[in-house]
Amino acid sequence: MHILHLTATLSFGGAQKITVGLAEQAIAHGHEASILTVTSGNDFAERLQEADISLHTLGYEGGFTPRNLLPILRLRREMVERVHQIDPDVIHEHLFIPKILAIGMSDIAGCPVVHTQHDSSPWWSRGGAYAYLQTLIERLFSRRTVTHNVAVSGAVLEEMKDYGLVQEGEGTVIHNFTEITPAEPDEISVSADGPLKLFMVTRLTWEKKGLDTAVDILARLRDENEDVRLVVVGDGPDRKKMSAYAEQQGVGQDIEFRGYQE
């Protein structure tokens, strides 16, 4: 069986790690696996080469905004051609932008399309025409193209139902796997001496990852005179915003940013 994963990019992120890991496991179990991305970023080149996973990209470099919708739609013909060339037995779609291009893909490719919803998209509950358009695209894709919808948690599946992406009784919850790799002990440790350390391991994006919640928890514990520190492992576009918010809440000195760690 040949499984084709459609995703926005292979620039580092949680959904990207899951996509690559699923492709690796398919290869390990005797199947073929390919990945087709909309943009050209790739932080997993070594892993793809080692697992013999073929990578294809449409090379789009913009984001999703109303003014970019037409350039994105122009990529549809190229995506259809690539899918026909790859000739998969199953298509597994991840993340938002590929949905714009893949509506109707199950009929075009003549194979099942599985979709994994990796999070609760912020535009589902946000007002405005732009958010409505994004949610409408999600509904059209999930209800008219997808053979089966997968959510990474029960909460995400319930939100998919609330916002009309799936009907009651549809969808399956499959939790993300954890990659276990050998590691040497380092200075990040918990001991009986010194302050209590809270650890947050995440990509630092404000809207999706609850960075403000972590800071608020730390501030509340400090207000209760707890000797506690927050150690943040990971990096992302909103590291400075999180640091500034911590300073605003009076706990800037109680957060230690360790950056991205293997």
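None of these values were measured; they are calculated from a predicted model.

*Asks:* I would appreciate a short explanation of the sheet that holds strand E10 (residues 255-259) in the present structure.
*Replies:* Strand pairing in a sheet relies on backbone hydrogen bonds, with the paired strands running either antiparallel or parallel. Read across the open sheet, the three strands follow the order E8-E9-E10; overall the sheet is parallel. Here the strands that pair on one side only, and so sit at the sheet edges, are strand E8 (196-201) and E10. When strand polarity is set aside, the average angle formed by the axes of neighbouring strands in this sheet is 20°. Its contacts with the sheet place helix H10 (residues 211-223) against E8, strand E9 (228-233) and E10, and it is angled at close to 165° to E9. Each of E8, E9 and E10 touches helix H11 (residues 239-248); the most contacted strand, E10, lies at about 170° to it.

*Asks:* Even after reading the chapter, I still don't get the nonpolar core, so can you show me in this structure?
*Replies:* Taken as a class, soluble globular proteins show a tendency for nonpolar side chains to be buried jointly. Met79, Val83, Ile91, Met105 and Met160 are the most contacted members of the largest nonpolar core, which has 36 residues in total. Of all elements in the fold, only strand E1 (2-7), helix H4 (76-86), helix H5 (97-102), helix H6 (105-109), helix H7 (129-144) and helix H8 (154-162) reach the threshold of two or more residues within this core. Methionine 105 has contacts with Met79, Val80, Val83, Ile91, Gly110, Val113 and Thr145, leaving out every residue within four places of it along the chain. By size, the runner-up hydrophobic cluster in this structure holds 17 residues, among which are Trp206, Leu218, Leu230 and Ala246.

*Asks:* Would you explain the pattern of salt bridges in this entry?
*Replies:* Once the charged atoms of two side chains with opposite charge are near each other, the side chains can pair. In this structure the tally under the stated criterion is eleven salt bridges. Note that glutamate 138 is salt-bridged to lysine 99, the shortest N-O span being 2.3 Å. Residue glutamate 138 is found in helix H7, and its partner lysine 99 is found in helix H5; the two are separated by 39 residues along the sequence. Owing to a relative accessible area of 1%, glutamate 138 belongs among the buried residues under this scheme. For lysine 99, a relative accessible area of 1% puts it in the buried group.

*Asks:* How should H7 be read in this particular structure?
*Replies:* Here H7 contains 16 residues, and its C-alpha end-to-end distance of 22 Å stays within 8% of the 22 Å for a straight helix at 1.5 Å per residue. Along H7, the residues that are buried comprise Ala131, Gln134, Thr135, Ile137, Glu138, Phe141 and Ser142. One side of H7 carries all its buried residues, which in axial view fall inside an arc of 155°. Exposed side of H7, more than 90 degrees from the buried face: Ala129, Tyr132 and Arg144 are the residues found there.

About the cut-offs
- Residues numbered from 1 in each chain as written.
- Predicted model: local features only at pLDDT ≥ 70, side-chain atom pairs only at ≥ 80, totals over all residues.
- Heavy atoms only, no water.
- Pairing = 2+ DSSP bridges.
- Helix = DSSP H or I, 4+ residues; strand = E, 2+ residues; numbered from the N terminus.
- Axes fitted to C-alpha atoms, helices over the stretch in contact; angles between N-to-C directions.
- Contact = heavy atoms within 4.5 Å.
- Core = buried A, V, L, I, M, F, W, Y, C linked by side-chain atoms within 4.5 Å.
- Buried < 20%, exposed > 50% of the residue type's maximum accessible area, 1.4 Å probe, protein only.
- Salt bridge = Lys/Arg side-chain N within 4 Å of Asp/Glu carboxyl O.
- Expected span 1.5 Å × (residues − 1).
- Arc of directions from axis to C-beta.

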